[in-house]
Amino acid sequence: MEKWNARLSELEATMIEWRRYLHRNPELSFQETATAAFVAEKLREFGGIEVRTGVGGNGVVGTIRGGKPGITVALRADFDALPIQDEKDVPYRSTVPGVMHACGHDGHTAALLAVAKILSEHREELSGSVVLLHQHAEEAPPGGAKSMIEDGCLEGVDEVYGIHLASLQPYGTIGYKHGYLTASADLFEVLIQGKGGHGASPHQTIDAVALGAQLITELQMLVSRRVDPLHPAVLTVGSFHAGSAHNVIADQAKMTGTVRTFQEDARDRIESGIRALSEGLCRSFDATCEVGYMRGYPATFNHHKETDEVVRILTDEQIAKLVELPAMMGGEDFSYYLQEKPGTFIMVGAAFEDQENFPHHHPRFDFDERALTMSARAFLAIVEGRLNAASETAEAETASV
């Protein structure tokens, strides 16, 4: 690690340069062709990396085979941007109108590229292999992780680890969580079809607005009365559209929303409840409805053993102050990797110490670029710690036979 960290210090300026290039040239989910080409070009330049492009779409997978036998560890970084106008006044501000890296994915990519370069230079020392998952489309369902897995990105992988920069978490900290870290993120839509008419004659109509308003209120009871109170759940109606004039009773009303849960039972209950409440209410007033429900990313569940190992490794390396995180209701498609392989997902503090900080998905989102080095150090420590631990275990088992 000493040697790797020294090399990482030499690459710090380059890592920042990569991050700023990506920040100036963001691409939306499923459109990241230039970003994918940039990543693949760098991996090939480093040498000693098997590079596969077009994985599950725009994904790029690099494989570094160590000089000694051992397990295979995968590291993931996402690289898509968001449809947000960049409002920062910085030299590396986005040059693409209405598109910006507002979630730190440019930083994830730059950090993993630095890790790739260092590991490629020292691949003969590795007791095992490392798979670099440069993932597209984390921000837009169905996401890039699922299609990359279906395209074989985890074949031969034993463990998988991910990092996310956190703009409101203090720099110098790394957050971890056993078990559920992020929630599942589902979408729903209800279209109510009533019968329009004059605002002065409601008895001659079927008021879609009134039905919609009542449905919004009743939907909240799904969380309070249908879900185990020990199982966190959120149901939010985010939009409601109906009508066009003050004296006209609308014949249609449309609402959309999101559902966030951890347990699959709660997820199932809310989905079936939305359908039952919508259809029952409309039927009772001679209206009809169409209900659409799309399951998004599943909840992210960090495996206990691998989380313990990462905490031990990062503590031994004294990379940062470790903090245990609360569960979050946001969604993250790293969850798909953890459904397939054991591993964990950690948060690297990236808040500025001397200027205002903004949350993820904000037009002025940014982060302290020192967190790039911390992210890369954490990745390198996980690789070294997990490969060595597996190698030592294998040697001990062989000796005992």
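You'll find the structure just up there.
Just so it is clear, the model here is predicted, and its values are computed rather than measured. (Residues numbered from 1 in each chain as written. Predicted model: local features only at pLDDT ≥ 70, side-chain atom pairs only at ≥ 80, totals over all residues. Heavy atoms only, no water.)

S.K.: Is there a simple way to think about the sheet that holds strand E4 (residues 127–135) in this case?
M.R.: Across a sheet, strands are paired by hydrogen bonds formed along the backbone, either parallel or antiparallel in direction. Pairing is mixed across the open sheet formed by 8 strands, whose spatial order is E1-E2-E4-E3-E5-E16-E6-E15. Of all the strands in the sheet, just strand E1 (50–55) and strand E15 (321–324) have a single pairing partner and so form its edges. Taken pair by pair, the neighbouring strands of this sheet meet at an average axis angle of 25°, ignoring direction. Here strand E3 (residues 68–78) pairs with strand E5 (residues 159–170) via 4 bridges, running parallel. Residue pairing for E5: arginine 76 is matched across the bridge by glycine 162. Strand contacts of helix H4 (residues 105–121): strand E2 (59–65), E3, E4 and E5, with the helix running at about 160° to E3, the strand carrying the most contacts. Against the sheet, helix H8 (residues 304–317) engages E5, strand E6 (173–176), E15 and strand E16 (343–351), with an angle of about 45° to E16. (Pairing = 2+ DSSP bridges. Helix = DSSP H or I, 4+ residues; strand = E, 2+ residues; numbered from the N terminus. Axes fitted to C-alpha atoms, helices over the stretch in contact; angles between N-to-C directions. Contact = heavy atoms within 4.5 Å.)

S.K.: What should I look at first to understand the environment of alanine 36 in this one?
M.R.: Relative to the assigned elements, alanine 36 resides in helix H3 (residues 33–46). For alanine 36, a relative accessible area of 9% translates into the label buried. Excluding residues that lie within four positions of it along the chain, alanine 36 makes contacts with Asn58, Val60 and Phe79. (Buried < 20%, exposed > 50% of the residue type's maximum accessible area, 1.4 Å probe, protein only.)

S.K.: Where do I start with the packing of aromatic side chains in this structure?
M.R.: In total, this model carries 8 aromatic pairs according to the counting rule given. Taking the centre distance of 5.6 Å and the plane angle of 40° together, the rings of tyrosine 180 and phenylalanine 262 count as tilted. Of this pair, tyrosine 180 sits in strand E7 (residues 179–182) while phenylalanine 262 sits in the loop between strand E12 (252–261) and helix H7 (264–284), placing them 82 residues apart in sequence. Of the residues examined, tyrosine 180 reaches a relative accessible area of 29% and is grouped as partly exposed. Relative to tyrosine 337, the ring of phenylalanine 334 has its centre 5.4 Å away and its plane inclined at 55°; by these criteria the two rings are tilted. (Phe/Tyr/Trp six-rings, centres within 6.5 Å; stacked < 30°, edge-to-face > 60°.)

S.K.: Before we go on, may I ask you to explain the packing of helix H2 (residues 12–24) against H3 in this structure?
M.R.: If you want to describe how two helices pack, look at the angle between their axes and the distance between the axes. Remark: H2 packs on H3, axes separated minimally by 11 Å, with the N-to-C direction vectors making an angle of 160°. In terms of axis orientation, H2 runs roughly antiparallel to H3. Where H2 crosses over H3, the two elements pack in a sense that is right-handed. The segment H2 lies against H3, with Trp18, Tyr21 and Leu22 engaging Thr35, Phe38, Lys42 and Phe46. For the contact of H2 with H3, the residue count by class is 5 nonpolar, 1 polar and 1 charged. (Parallel < 35°, antiparallel > 145°, perpendicular 65-115°, else oblique. Left-handed = near helix turned anticlockwise from the far one by under 90°. Nonpolar A, V, L, I, M, F, W, Y, C, P; charged D, E, K, R; others polar.)

S.K.: I tried to follow the environment of tyrosine 293 on my own but got confused; where do I start?
M.R.: Relative to the helices and strands, tyrosine 293 is located in strand E13 (residues 288–294). According to the relative accessible area criterion, tyrosine 293 is buried, its value standing at 13%. Between the C-alpha atom of tyrosine 293 and that of threonine 256, which follows or precedes it by 37 residues, the distance is 9.7 Å. Once you skip the residues sitting within four places of it in the chain, tyrosine 293 turns out to touch Asp186, Leu187, Phe188, Val259, Arg267, Glu271, Ile274 and Arg275.

S.K.: What is the right way to read the side chain of histidine 134 from this model?
M.R.: Among the structural elements, histidine 134 can be located in strand E4. Given a relative accessible area of 0%, histidine 134 falls into the buried group. For histidine 134, the residues in contact, after removing those within four places along its chain, are Val39, Leu43, Gly59, Val60, Ala77, Phe79, Thr109, Leu112, Leu113 and Met148.

S.K.: I would appreciate a short explanation of the pairing of E3 in the present structure.
M.R.: Remember that side chains alternate between the two faces of the sheet whenever the strand is regular. Where burial is concerned, most of E3 is hidden: 8 out of the 11 residues are buried. As paired elements, E3 and E4 share 8 bridges and run parallel to each other. Along E4, the bridge assignment pairs threonine 72 with serine 129. Between E3 and its parallel partner E4, the chain crosses via H4, and the hand of that crossover is right-handed. (Right-handed = clockwise from strand over helix to strand, strands pointing away.)

S.K.: How should I be thinking about the sheet that holds E12 in this particular structure?
M.R.: Pairing is antiparallel across the open sheet formed by 4 strands, whose spatial order is E10-E12-E8-E13. Edge positions in the open sheet fall to strand E10 (233–242) and E13, since each of these has one partner strand only. Mean inter-strand twist for the sheet, computed between neighbouring axes without regard to direction, equals 15°. Sheet topology places strand E8 (residues 184–193) next to E12; 10 bridges connect them, and they run antiparallel. Bridging from a neighbouring strand, phenylalanine 188 pairs with glycine 257 of E12. Against the sheet, helix H6 (residues 208–226) contacts E8, E10 and E12, and its axis sits at roughly 175° relative to E10. Docked against the sheet, H7 engages E8, E10, E12 and E13, running at close to 165° with respect to E13.

S.K.: I tried to follow the nonpolar core on my own but got confused; where do I start?
M.R.: In summary, soluble globular proteins display a tendency toward joint burial of nonpolar side chains. Leu43, Leu75, Leu119 and Ile346 are the most contacted members of the largest nonpolar core, which totals 64 residues. Looking at which element gives the most residues to this core, the answer is helix H10 (residues 370–400), with 11 residues. In this structure, Phe188, Leu219, Val259 and Tyr293 belong to the second largest nonpolar core, which totals 24 residues. (Core = buried A, V, L, I, M, F, W, Y, C linked by side-chain atoms within 4.5 Å.)

S.K.: Sorry if this is basic, but what is going on with the environment of glutamine 193 here?
M.R.: Within the secondary structure layout, glutamine 193 lies in strand E8. Between the C-alpha atom of glutamine 193 and that of leucine 215, which follows or precedes it by 22 residues, the distance is 13 Å. With sequence-adjacent residues up to four places away left out, glutamine 193 is seen in contact with Asp251, Gln252, Ala287 and Thr288. Reaching out from glutamine 193, the side chain makes a polar contact with the backbone oxygen of aspartate 251 at a distance of 3.4 Å. (Polar contact = N/O pair within 3.5 Å; in protein donor to acceptor, adjacent residues only side chain to side chain.)

Distances and angles like these do not, on their own, reveal function.
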